[in-house]
Amino acid sequence: MRPVSQFTVQPRLPGPLEPLQELAENLRWTWHRPARDLFRRLVDEGGEVHRNGGAGLVGADGAVNPLLALARAGRERLDALAADPGYVAQVAAQAEALDAYQQQRLWFQTDGPPGLGTVAYFSPEFGISEAIPQYSGGLGVLAGDHLKAASDLGVPLVGVGLLYAEGYFRQELDESGWQRERYVALDPELLGLRPVAGLEVQVELAGRPLAAQAWRASIGRVRLYLLDTDVPANPPDLRRLTDRLYGGDMEHRLCQEILRGVGGIRALRGAGEAPTVFHTNEGHAGFLGLERIQELVVGSGLSFDEAVEAVRSATVFTTHTPVPAGIDRFPVELMRRYFAPLAEACGIPFARLMAIGHHPDEPEEAPFNMAVMGLRLAGHANAVSRLHQAVSRTLFGGLWPEVPAAEVPIGGITNGVHPRSWVAEDVDRLLTQHLGPDWDQATAERWAGLAAVPDQALWSLRESGRGRLVAAVRARLRASQLAVPSGGGDLAWWDEVLDPSVCTIGFARRVAEYKRATLLLSDPGRLTRLLTDPTRPVQLVFAGKAHPADEVGKRMIQELVRFAADPAERHRIVFLEDYGIDLARALYQGADVWLNTPRRQQEACGTSGEKAALGGGLNCSIRDGWWDEGFDGENGWAIPSADPALDPAERDRREAAELFSVLEDRVVPLFYARDGGGVPAGWVARVRHALMVLGPFVNAARMVREYVEASYAPAERRGARLAADGFAVARDLAAWKANVRACWPQLRIEGVRGPEAPPALGARAEVEARVALAGLRPSELQVELVHGAITDGGEIDNPGRAPMALVDPEISGDGARYRGRFVCDRAGPYGFTVRATPVHPELASPLETGCIAWALPEER
Ligand SMILES: *Cc1c(COP(=O)(O)O)cnc(C)c1O
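None of these values were measured; they are calculated from a predicted model.

**Digging into the overall build of the protein**
Now for step 1: Scanning the protein from N- to C-terminus turns up 27 helices and 27 strands.
Now for step 2: In terms of overall dimensions, the protein is globule-like: its C-alpha atoms have a radius of gyration of 29 Å, near the 29 Å expected for 860 residues.
Now for step 3: The principal-axis extents of the C-alpha atoms in the protein amount to approximately 95 × 65 × 50 Å.
Now for step 4: Burial statistics for the protein: of 860 residues in total, 57% are counted as buried.
Now for step 5: Across the protein, the fraction of contacts at a sequence separation of at least 24, relative to all contacts at a separation of at least 6, is 72%.
Now for step 6: Surface accessibility of the protein: about 33,700 Å² in total, with carbon and sulfur atoms responsible for 52%.
Now for step 7: Counting 91 positive and 112 negative side-chain charges, the protein places the averaged centre of each group 1 Å from the other.

**Focus on the packing of aromatic side chains**
Now for step 1: Under the counting rule described, the total for this entry stands at 20 aromatic pairs.
Now for step 2: Taking 5.9 Å as the distance between ring centres and 25 degrees as the angle between the ring planes, the aromatic pair formed by Tyr-707 and Tyr-712 counts as stacked. As far as burial versus exposure is concerned, Tyr-707 and Tyr-712 are alike and both buried.
Now for step 3: Among the aromatic residues, those joined into a ring-pair cluster are Trp-459, Trp-637, Phe-671, Tyr-672 and Trp-683.
Now for step 4: One Lys or Arg, Arg-28, reaches over the ring of Tyr-101 and ends 3.8 Å from the middle of that ring.
Now for step 5: Over the aromatic face of Phe-507 sits the side chain of Arg-509, whose NZ or CZ is 5.1 Å from the ring centroid.

**A word on empty space enclosed by the protein**
Now for step 1: Throughout the structure, instances matching the rule amount to 10 cavities of 30 Å³ or more.
Now for step 2: Taken as a whole, the second largest cavity spans an internal volume of roughly 90 Å³.
Now for step 3: The wall of the second largest cavity is formed by 13 residues, among which Trp-29, Thr-30, Ser-129, Glu-130 and Arg-585 lie closest to the centre.
Now for step 4: Among the secondary structure elements, those contributing two or more residues to the lining of the second largest cavity are α16 (419–422) and α22 (581–590).
Now for step 5: The class makeup of the residues in the lining of the second largest cavity is 6 nonpolar, 3 polar and 4 charged.

**Let's talk about the environment of Ala-406**
Now for step 1: You can see Ala-406 is positioned in the loop between α15 (386–395) and β13 (411–412).
Now for step 2: Sequence separation between Ala-406 and Gln-389 is 17 residues, and the spatial gap between their C-alpha atoms is 9.5 Å.

**Some remarks on the site of the ligand**
Now for step 1: The full set close to the ligand counts 15 residues, and Trp-422, Tyr-588, Thr-607, Ser-608 and Lys-611 are the nearest of them.
Now for step 2: Between the ligand and the protein, one listed contact pairs an oxygen atom with a backbone N or O atom of Thr-607 at 3.2 Å.
Now for step 3: Taking 390 Å² as the accessible area of the ligand by itself, protein coverage stands at 94%.
Now for step 4: Within the residue set of the shell around the ligand, elements represented by two or more residues are α7 (138–153), α22 and α23 (608–614).
Now for step 5: No other element matches α22, which puts 3 residues into the shell around the ligand.
Now for step 6: Here the residues of the shell around the ligand sort into 6 nonpolar, 6 polar and 3 charged.

**A closer look at α7**
The periodicity of an α-helix, 3.6 residues per turn, causes residues three or four positions apart to be oriented the same way.
Now for step 1: Here α7 is 16 residues long and its end C-alpha atoms lie 22 Å apart, about the 22 Å a rise of 1.5 Å per residue gives.
Now for step 2: Among the 16 residues in α7, 15 count as buried, and that is most of the element.
Now for step 3: One or two residues past the end of α7 sits Gly-154, with phi positive at roughly 75 degrees.

**Details of the nonpolar core**
Side chains of a nonpolar character, in soluble globular proteins, are inclined to be buried together.
Now for step 1: Membership of the largest hydrophobic core comes to 99 residues, with the highest contact counts inside it found for Trp-447, Val-473, Leu-587, Cys-620 and Trp-683.
Now for step 2: The dominant element in this core, judged by the number of residues it contributes, is helix α25 (residues 648–672), at 9 residues.
Now for step 3: Dropping the residues within four chain positions of it, Val-473 is found in contact with Val-497, Leu-498, Val-541, Val-574 and Leu-576.
Now for step 4: In this structure, Phe-169, Leu-254, Phe-727 and Trp-744 belong to the second largest nonpolar core, which totals 95 residues.

**Focus on the packing of helix α10 (residues 287–300) against helix α11 (residues 304–313)**
Now for step 1: At a minimum axis separation of 9 Å, α10 and α11 run at an interaxial angle of 125 degrees. One way to sum up the angle between α10 and α11 is to call them oblique. Seen from above, α10 lies across α11 with right-handed handedness. On α11, the residues that touch Gly-289, Arg-292, Ile-293, Leu-296 and Val-297 of α10 are Phe-304, Ala-307, Val-308, Ala-310 and Val-311.
Now for step 2: Looking at the contact of α10 with α11 residue by residue, the class counts come to 8 nonpolar, 1 polar and 1 charged.

**Quick notes on unusual backbone geometry**
Now for step 1: At Glu-282, a position not held by glycine, the phi torsion is positive, near 70 degrees.
Now for step 2: Looking at Glu-282, the relative accessible area reads 4%, which means it is buried.
Now for step 3: A positive phi angle, near 60 degrees, is found at Leu-498, a position not held by glycine.
Now for step 4: Residue placement: Leu-498 occurs in the loop between α19 (455–479) and β14 (503–508).
Now for step 5: A relative accessible area of 3% means that Leu-498 is categorised as buried.

**A few points about the sheet that holds strand β20 (residues 748–753)**
Now for step 1: Taken together, 4 strands build an open sheet; the order of strands is β20-β21-β25-β24 and the sheet is antiparallel. This sheet does not close on itself; its edge strands, each paired only once, are β20 and β24 (805–806).
Now for step 2: Sheet analysis places β24 next to strand β25 (residues 816–823), joined by 2 bridges and oriented antiparallel. Bridged to Ala-805 within β25 is Arg-819.

Reading the values: the criteria
Residues numbered from 1 in each chain as written. Predicted model: local features only at pLDDT ≥ 70, side-chain atom pairs only at ≥ 80, totals over all residues. Heavy atoms only, no water. Helix = DSSP H or I, 4+ residues; strand = E, 2+ residues; numbered from the N terminus. Rg over C-alpha atoms; globule rule 2.2 N^0.38 Å. Buried < 20%, exposed > 50% of the residue type's maximum accessible area, 1.4 Å probe, protein only. Contact = heavy atoms within 4.5 Å. Areas by Shrake-Rupley, 256 points an atom, 1.4 Å probe, with all protein chains shown as cover. Lys, Arg positive; Asp, Glu negative; His and termini not counted. Charge placed at Lys NZ, Arg CZ, Asp CG, Glu CD. Phe/Tyr/Trp six-rings, centres within 6.5 Å; stacked < 30°, edge-to-face > 60°. Lys NZ or Arg CZ within 6 Å of the ring centre and 35° of its normal. 1 Å grid on protein atoms, 1.4 Å probe; cavity = no way out; pocket = protein on both sides within 12 Å on 5 of 7 lines; lining within 4 Å. Points joined across faces, edges and corners; volume = space filled by probe spheres on them. Nonpolar A, V, L, I, M, F, W, Y, C, P; charged D, E, K, R; others polar. Near = heavy atom within 4 Å. Polar contact = N/O pair within 3.5 Å; in protein donor to acceptor, adjacent residues only side chain to side chain. Expected span 1.5 Å × (residues − 1). Core = buried A, V, L, I, M, F, W, Y, C linked by side-chain atoms within 4.5 Å. Axes fitted to C-alpha atoms, helices over the stretch in contact; angles between N-to-C directions. Parallel < 35°, antiparallel > 145°, perpendicular 65-115°, else oblique. Left-handed = near helix turned anticlockwise from the far one by under 90°. Pairing = 2+ DSSP bridges.

Coordinates in, geometry out; function isn't part of it.
Listed below in structure tokens is the structure:
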């Protein structure tokens, strides 16, 4: 029967167990095993599996959900534990440990840049735990890992996002293998969230008032604020605004983004947070910039352009995708409906506002591009791997049309993962033993300590991880409808699916076309031979959700499921439903080989391989995202990429063949080359090496430190300088840029005179040029020589730059003379040119104005 009314009964904990409340509510348990273990005792043997949407009481990998365990604990069990002195002592000890963790002086307090205030980190999703299903995939899990790593480093950071009443969908497969989406209402109290008392956020949506409740979660030392519109003050349609992650039509998305950006800022202010740096994780929170601009125009009397400078200075933007479909874009008419009032309040024409999200390579009326706005309103922008940095510089280079790709102001900070959230208990123990209890903060030198671990010890970790994965897969298949259609005569085949001694390949990620989950299926005969080899077989475990609107992705899933249903090989290949954090952990910890097959340059980073590497899994991947820089020849395998100019089908065919060769010739033989003790020494050597070189690199602590040092701290300092004395510097900078932009078209570099005769290798060459300053002062300009070897295409390759100095402070009517020298450091065709750029001490990056003047062709 259905209840007429539903509520959550708050447990009244017996006195000695009261600290459990705080220990469950502070989500540090998601990466602090001793705290989590306390809650295991609350779960009755074979306890009921109550689910709160995404997560059961016990996850796919056996992890207990403390929030549910506490909410569901029976009176008798609690009384029994309260009478157990040993248990009570453990509870008290963990409560003390949490307290100490909150007070401790950590990296930021001892070695961090002094004076950094609070950083506000905005993200559309946060993947903190399967118990809090507010994520869809990589972007959210990265955000969760960012918060946890910031907490462990003591970085003062708060998260901001939305609370989705139904989270993301749960994936079920029907009998034909077609993905069905199921949405489940979540109970926020069971997600570790508490309402922020007395704070109701107000936002205007095209003239309609929207109210939102702010909830707060504690992620160790980090506070996370989530906004929820399901409050009585809102009409029904607006109550549903925060219903689902990535749900609804374009207007729904736009309204969610307004709430996230604009409402997010207001929530922070209302909650008494005083962030000085604002970081937006992809463009979905980009409207926070417009809200802050409006605050400054209305509240501090700045002009729009001055406010842009002030806001930019303290904003960090991270771009996460080179795939255009991953970038939010909103048609101009829709934008007008929601943003005309803001333009008016800021005293600018609406078109000026639209220009912020306009890519210069596109027609005027093209939709507003959130990534473009992100880049324009952030003084610090970065991509998420080195390769993705290069790709992004090309993709967004049009925003700085004259600027060489290598100097486009987009940095690169390679994503990392939060180690303690992902490694198995036995790996944690081994690392503790050899690197120390703070192994998750260890430098490369300490990781080198793994050299002392016996082969047998490393190998047995791999064996136990694989064994747990196989058990988890069987349990999941048993519980899953997937088993039903082919059940029939051969009952319980899933109890024997997979083999704990067989080389196990994992592939789990969002099923999107470019990730090519079905690449191996392109040659079914060769795949079958690989799976069913009588002595050296491999087995494959797949998982992944397709976006609900992605028919191509759903067909790929169906293809995989159908292939895996064939009785001839179904014991060696499975597709698991409902990929989420708990299943992910089991996969990363158990797979011997982590496979990744994106079309090169489309994967921005890809963090699952980093998590697999931390557990001793070996990556076998196209050199894309992080693996392009992570692969060193010995720590896994690279699948060679075909010429990107080829037709995609041909490219896929060739890369599939390469993948098969790597598996057949390299992976399988190494896995099965056993010594007398049954240990594959060559394999273990690779695992050891991979852990030593990748362990320190894939760590989110490394990533967060880079953000602090390269982005947050400089942004904070610049933000403070620009804001001082009533925003004097912001005003000056805005005026300076306006003047430079007005003058720039008249600036000329002429009369370039180089050496009379070609200089010898290693010789110095002197160059003079005349610059028509177009009304700018020499101090506002940097004039440089750009020189280097000439490529076949007639371009200067990998150029060097040398400054040119003003020859004569007296400036004549036809311009100023500059002189400089360079050294020809390569034989063969060589060339140089001269360029001028505007300089101002408060620019966040030298070429942010996009103004560059190049010398006109030589007169001679
Ligand atoms: C790490 C992770 C991802 C992202 O992995 P990719 O390599 O980017 O595909 C997605 N989903 C979950 C649950 C994860 O833990």
